[in-house]
Amino acid sequence: MSTDYNHIFNQHWTIYQKILQHDYMGHQAVFALLEGSLVTHFADQSLDLLDIGCGDAQTLAAFLQTSNLCSYTGIDLSKEALELVPKNVGSLNCAVTLMNDDFVAAIEQLTLEQAGQFDVIFSGFALHHVQDDMKAALFAKIKQLLKPHGRFYLIDVYQQEGESRAAYLDRYLAPTFTHWHALDEHEIELLNTHVRSSDYPSTRTKLESMAGDAGFTDCECLLADPTHSNILLSMGKY
Ligand SMILES: C[S@@+](CC[C@H](N)C(=O)[O-])C[C@H]1O[C@@H](n2cnc3c(N)ncnc32)[C@H](O)[C@@H]1O
């Protein structure tokens, strides 16, 4: 899984940049909701933020302009993507720490060294690369990393209740052939191969029960968009 990700995101980072440029995955709408929630929950507060599977952080940074960041910590397997982070988060004027590692290992390391030190933990379109049991374990670790009153925001793809993974993959990938015209045939093939081998989205019910099992208090679903298969969950510690 990790090797495949390094491949697609190191050698084909341009594919993801095209996807962002044309908003094929619906980043703009879901990140706008995230921005609104951050303003509601953390108005005038200086934030220590952890970004799990940050990529090049370009979309998150654009939607953090209304927040006040003290520090930004990003974890990603892709060295090429991480190299772009300092420029993309530069306008946030905060301390930047980057961890070029698998997020499972990096989160484990952070729970030993920085438990209770983040106000906001965010993960965008990354946790679906691990299966439900690992996701559930990560939710528990993420809660340990938060300060009291901190929040975890999860943006990810999600599967419909009762839908098989095979049916999800066919449904999710269909528009890559019919609507994602900015990608050429080779790029579409690479993307399909990657998604079919690496994506393990959970259902909304499953994600919400993971939040409850990890001890998060007020898990809110701010978006469940079946068209893009995007979900935004916001959950608090105490
Ligand atoms: C679809 S991109 C999302 C990037 C960004 N968070 C966003 O919302 O646009 C997924 C990112 O997760 C990273 N990733 C996937 N699996 C990972 C893992 N096990 N450990 C660390 N990073 C991982 C990839 O390298 C990639 O940059």
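It should be emphasised that the depicted structure is a prediction, and the values quoted were computed from it without experimental measurement. (Residues numbered from 1 in each chain as written. Predicted model: local features only at pLDDT ≥ 70, side-chain atom pairs only at ≥ 80, totals over all residues. Heavy atoms only, no water.)

Enquirer: Would you take a moment to explain the nonpolar core for this structure?
Expert: Looking at soluble globular proteins, one finds that nonpolar side chains tend to be buried together. The biggest cluster of nonpolar side chains holds 45 residues, and the ones touching the most others in it are Ile19, Phe31, Leu34 and Tyr72. Setting aside anything within four residues of it in sequence, one finds Ile19 in contact with Tyr24, Met25, Trp180, Leu183 and Leu191. One finds Leu50, Val130, Leu146 and Met210 within the second-largest nonpolar core, a separate group that totals 29 residues. (Core = buried A, V, L, I, M, F, W, Y, C linked by side-chain atoms within 4.5 Å. Buried < 20%, exposed > 50% of the residue type's maximum accessible area, 1.4 Å probe, protein only. Contact = heavy atoms within 4.5 Å.)

Enquirer: Before we go on, may I ask you to explain the site of the ligand in this structure?
Expert: For the ligand, the set of nearby residues contains 19 residues, the closest of which are Tyr16, Gly53, Asp76, Phe103 and Gly124. Interatomic distance of 2.7 Å between a side-chain N/O atom of Tyr16 and an oxygen atom of the ligand. A distance of 3.2 Å separates a nitrogen atom of the ligand from a polar backbone atom of Leu77. Look at the ligand: alone it shows 590 Å² of surface, and the protein chains cover 95% of it. Put simply, the parts of the chain that give the shell around the ligand at least two residues each are helix 1 (2-11), helix 2 (13-21) and helix 3 (27-42). When the residues that make up the shell around the ligand are grouped by side-chain class, the tally is 10 nonpolar, six polar and three charged. (Near = heavy atom within 4 Å. Polar contact = N/O pair within 3.5 Å; in protein donor to acceptor, adjacent residues only side chain to side chain. Areas by Shrake-Rupley, 256 points an atom, 1.4 Å probe, with all protein chains shown as cover. Helix = DSSP H or I, 4+ residues; strand = E, 2+ residues; numbered from the N terminus. Nonpolar A, V, L, I, M, F, W, Y, C, P; charged D, E, K, R; others polar.)

Enquirer: I'm lost on the pairing of strand 2 (residues 68-75) in this one. Help?
Expert: Two faces belong to every sheet, and in a regular strand the side chains alternate between them. In terms of burial, strand 2 is largely enclosed, as six of its eight residues are buried. Bridging between strand 1 (residues 46-52) and strand 2 involves seven bridges; their strand directions are parallel. Among the inter-strand pairings, Ile52 is bridged to a residue of strand 2, identified as Ile75. In this sheet, strand 3 (residues 95-99) lies alongside strand 2 in parallel orientation, the contact comprising five bridges. Bridge assignment links Thr73 to a residue of strand 3, and that residue is Thr97. (Pairing = 2+ DSSP bridges.)

Enquirer: How do you make sense of the pattern of salt bridges when you look at a structure like this?
Expert: Opposite charge on two side chains lets them pair, provided their charged atoms get close. Scanning the entire structure with this criterion turns up 11 salt bridges. The salt bridge partner of Glu108 is Lys141, with a shortest N-O separation of 3.1 Å. One end of the pair, Glu108, is in helix 7 (residues 103-113); the other, Lys141, is in helix 8 (residues 132-145), with 33 residues separating them in the sequence. A relative accessible area of 35% places Glu108 in the partly exposed class. Note that Asp170 and Arg196 form a salt bridge whose closest N and O atoms lie 2.8 Å from each other. Placement of the pair is Asp170 in helix 9 (residues 165-178) and Arg196 in helix 10 (residues 185-198), with a sequence separation of 26 residues. (Salt bridge = Lys/Arg side-chain N within 4 Å of Asp/Glu carboxyl O.)

Enquirer: Sorry if this is basic, but what is going on with the packing of aromatic side chains here?
Expert: Aromatic ring pairs: the centre-centre distance and the angle between the two ring planes describe each pair. Enumeration according to the criterion identifies six aromatic pairs in this entry. A centroid spacing of 6.0 Å and a plane angle of 40° characterise the contact between Phe31 and Phe63, whose relative ring orientation is tilted. You can see Phe31 sitting in helix 3 and its partner Phe63 sitting in the loop between helix 4 (58-62) and strand 2, a full 32 residues away along the chain. The burial state of Phe31 is the same as that of Phe63; both residues are buried. In this structure, Arg165 is placed above the aromatic ring of Tyr200, and the distance from its NZ or CZ to the ring centre is 4.2 Å. (Phe/Tyr/Trp six-rings, centres within 6.5 Å; stacked < 30°, edge-to-face > 60°. Lys NZ or Arg CZ within 6 Å of the ring centre and 35° of its normal.)

Enquirer: Is there a simple way to explain helix 11 (residues 204-214) in this structure?
Expert: Working note: α-helix, 3.6 residues per turn, so residues spaced by three or four point in the same direction. Along helix 11, the residues classified as buried are Leu207, Met210, Ala211 and Ala214. The arc enclosing the buried residues of helix 11, seen along the axis, measures out at 100°, which places them on a common side. Buried-residue contacts for helix 11 involve helix 8, strand 5 (146-159), strand 6 (202-203) and strand 8 (230-236). Positive backbone phi, at 95°, marks Gly215, one or two positions downstream of helix 11. (Arc of directions from axis to C-beta.)

Enquirer: How do you make sense of the state of the cysteines when you look at a structure like this?
Expert: Here a disulfide denotes one covalent bond, and it connects the sulfur atoms of two cysteines. Taken as a whole and assessed by the stated rule, the structure comprises zero disulfides. Distance from the sulfur of Cys54, which forms no disulfide, to the nearest cysteine sulfur (Cys94) is 12 Å. Given the relative accessible area of 9%, Cys54 is considered buried. The thiol sulfur of Cys94 is not disulfide-bonded, and the nearest other cysteine sulfur, from Cys70, lies at 7.9 Å. Residue classification places Cys94 among the buried positions, given a relative accessible area of 16%. (Disulfide = S-S within 2.5 Å.)

Enquirer: Would you take a moment to explain the side chain of Gln159 for this structure?
Expert: Mapped onto the secondary structure, Gln159 falls in strand 5. Among the residues examined, Gln159 registers a relative accessible area of 9% and is labelled buried. Among the polar contacts listed, one links the side chain of Gln159 to the backbone oxygen of Glu163, at a separation of 2.7 Å. In contact with Gln159, not counting residues within four places along its chain, are Ser164, Arg165, Tyr168, Pro201, Ser202, Thr203 and Arg204.

Shape is all these values report; function is a separate question.
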